[in-house]
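Residues per chain, in single letters:
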Amino acid sequence: MADTVLTAPPRSPLAHARPRLAAATRASRGALRLAELPLLAQVDVRLDPKGAAADAVGLALGLPLPLEPDTVVRTADLAALWLGPDQWLLIGQPGTQRDLESRVRAAAAGEPVSVTDVSAQRTTVLVAGPRARDLLAHGCSLDLHPRAFGPGRCAQTTLARAQVVLVARDEPRAGFWVLVRSSFAGYLTDWLLDAATEYR
């Protein structure tokens, strides 16, 4: 029987775009920072937020699962995004998805829980800098004013007609994460680069 173990290292869907993102950052003269955050661990978790497993999973991860809609709870190495009343997305350092899955399953201890590694489904683009909100507002219908979408907020929305998960980072200067499906990553990057030409 053929060996089916992957031997090639994983490759980000935007590896080819990194030089263009860096060039756009330089051309903006400090107004923007565009970069891919490749291969972040992403684990989808579904469970009863009122059940015993929710508290146990929070303890195992070292952070509580957020219960307020469209919010993010984070530690130095892990973020938990509220995606629905019984759904969260855990985002961790590259290569930690199996550990996250194991910790969640062990903590649930037989309680009904769904844990799915979705790391290959999306990549993450960092959009930061003083003009980051302006850039994103060109293609997003959300009110991105800090009073409406400030640090610690997230939303499933569209950006330039592509479905994304948008995350406002903890510090205003830290900007935003744009989680986009791998199949749309090239298109969205082209859109961001085109929109960024306004800030040269």
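Further up the page is the structure itself.
For every chain, the first residue of the written sequence is number 1, and numbering continues from 1 onward in sequence order. It should be noted that, the model being predicted, local features are given only for residues of pLDDT at least 70 and side-chain atom pairs only at 80 or more, the latter also being counted only at that level, while totals for whole chains, interfaces and linings use all residues. Excluded from the side-chain calculation are hydrogens and water; included are all heavy atoms of the structure.

### A few points about helix 3 (residues 97-108)
The test is simple: Only DSSP runs of H or I covering at least 4 residues are called helices, and only runs of E covering at least 2 are called strands; the numbering of each starts at the N terminus. In this analysis, the expected span of each helix is defined as 1.5 Å times one less than the number of residues it contains. Summary of the burial criterion: residues with accessible area below 20% of their type's maximum are buried, those above 50% are exposed, and those between are partly exposed, where the area comes from a 1.4 Å probe applied to protein chains only. What the arc measures is the spread of directions leading from the helix axis to the C-beta atoms.
Across its 12 residues, helix 3 extends 17 Å between first and last C-alpha, which sits within 8% of the 16 Å expected from 1.5 Å per residue. Of the positions making up helix 3, those classed as buried are Gln97, Leu100, Glu101, Val104, Ala107 and Ala108. Viewed end-on, helix 3 has its buried residues packed into an arc of 140 degrees, placing them on one side of the element. Exposed positions of helix 3 whose direction lies more than 90 degrees from the buried face are Arg98 and Ala106. Looking at the residues trailing helix 3, positive phi occurs at Ala109, about 45 degrees.

### Describing the nonpolar core
Stated precisely, the cut-off is as follows: In these notes, a set of buried Ala, Val, Leu, Ile, Met, Phe, Trp, Tyr and Cys residues joined through side-chain atoms within 4.5 Å is what counts as a nonpolar core. Two residues form a contact once any of their heavy atoms are found within 4.5 Å.
Counting residues in each nonpolar core, the largest one holds 32 residues, and the members touching the most others are Val127, Leu136, Leu159, Val178, Leu188 and Leu192. Counting only elements with at least two residues in this core, the list comes to helix 1 (18-27), strand 7 (122-128), helix 4 (132-137), strand 8 (154-159), strand 9 (162-168), strand 10 (176-181) and helix 5 (182-196). Residue contacts for Val127: discarding those within four places in its chain leaves Arg33, Leu34, Ala132, Leu135, Leu136, Gly175, Phe176, Val178 and Leu192. Core analysis: the next-biggest nonpolar cluster, separate from the first, contains 20 residues, Leu47, Ala54, Leu100 and Ala107 among them.

### Observations concerning helix 5
Between the first and last C-alpha of helix 5 there are 21 Å, a value that for 15 residues agrees with the 21 Å anticipated at 1.5 Å per step. Looking at helix 5, one finds that the buried residues are Ala185, Leu188, Thr189, Trp191, Leu192, Leu193, Ala195 and Ala196.

### Considering the sheet that holds strand 2 (residues 41-47)
Remark on secondary structure: sheet strands pair via backbone hydrogen bonds, oriented parallel or antiparallel. Stated precisely, the cut-off is as follows: Strand pairing is defined by DSSP finding a minimum of two bridges between the two strands. Interaxial angles span 0 to 180 degrees and are taken between N-to-C directions of axes, which are lines fitted to C-alpha atoms, for helices over the stretch in contact.
With antiparallel pairing, five strands are arranged side by side in an open sheet as 3-4-5-2-6. At either end of the open sheet lies a strand with only one pairing partner, and these are strand 3 (72-74) and strand 6 (113-117). Ignoring which end each strand starts from, the neighbouring axes of this sheet average 20 degrees apart. In this sheet, strand 5 (residues 87-92) lies alongside strand 2 in antiparallel orientation, the contact comprising six bridges. When the sheet's bridge partners are listed, Ala41 is paired in strand 5 with Gly92. Along the sheet, helix 3 contacts strand 2, strand 4 (78-84), strand 5 and strand 6; its crossing angle with strand 6, the most-contacted strand, is approximately 175 degrees.

### Regarding the packing of helix 1 against helix 5
Definition in use: Roughly parallel means an angle under 35 degrees; roughly antiparallel, over 145; roughly perpendicular, 65 to 115; everything else is oblique. If you view the pair so one helix is near and one far, a crossing is left-handed when the near helix is turned anticlockwise from the far one by less than a right angle, and right-handed when it is turned clockwise. Charged means Asp, Glu, Lys or Arg here, nonpolar means Ala, Val, Leu, Ile, Met, Phe, Trp, Tyr, Cys or Pro, and polar covers whatever is left, Gly included.
Viewed as axis vectors pointing N to C, helix 1 and helix 5 meet at an angle of 20 degrees, and their least axial separation amounts to 10 Å. For the element pair helix 1 / helix 5, the angle class is roughly parallel. In the crossing of helix 1 with helix 5, the sense of the turn from one axis to the other is left-handed. Contacts between helix 1 and helix 5 involve Arg20, Leu21 and Ala24 from the first element and Thr189, Asp190 and Leu193 from the second. Among the residues forming the contact of helix 1 with helix 5, the class breakdown is three nonpolar, one polar and two charged.

### Some thoughts on unusual backbone geometry
Here Leu39, not a glycine, exhibits a phi torsion of approximately 60 degrees, which is positive. Here Leu39 shows up in the loop between strand 1 (33-37) and strand 2. Of note in this structure, Ala109 is not a glycine but carries a positive phi near 45 degrees.

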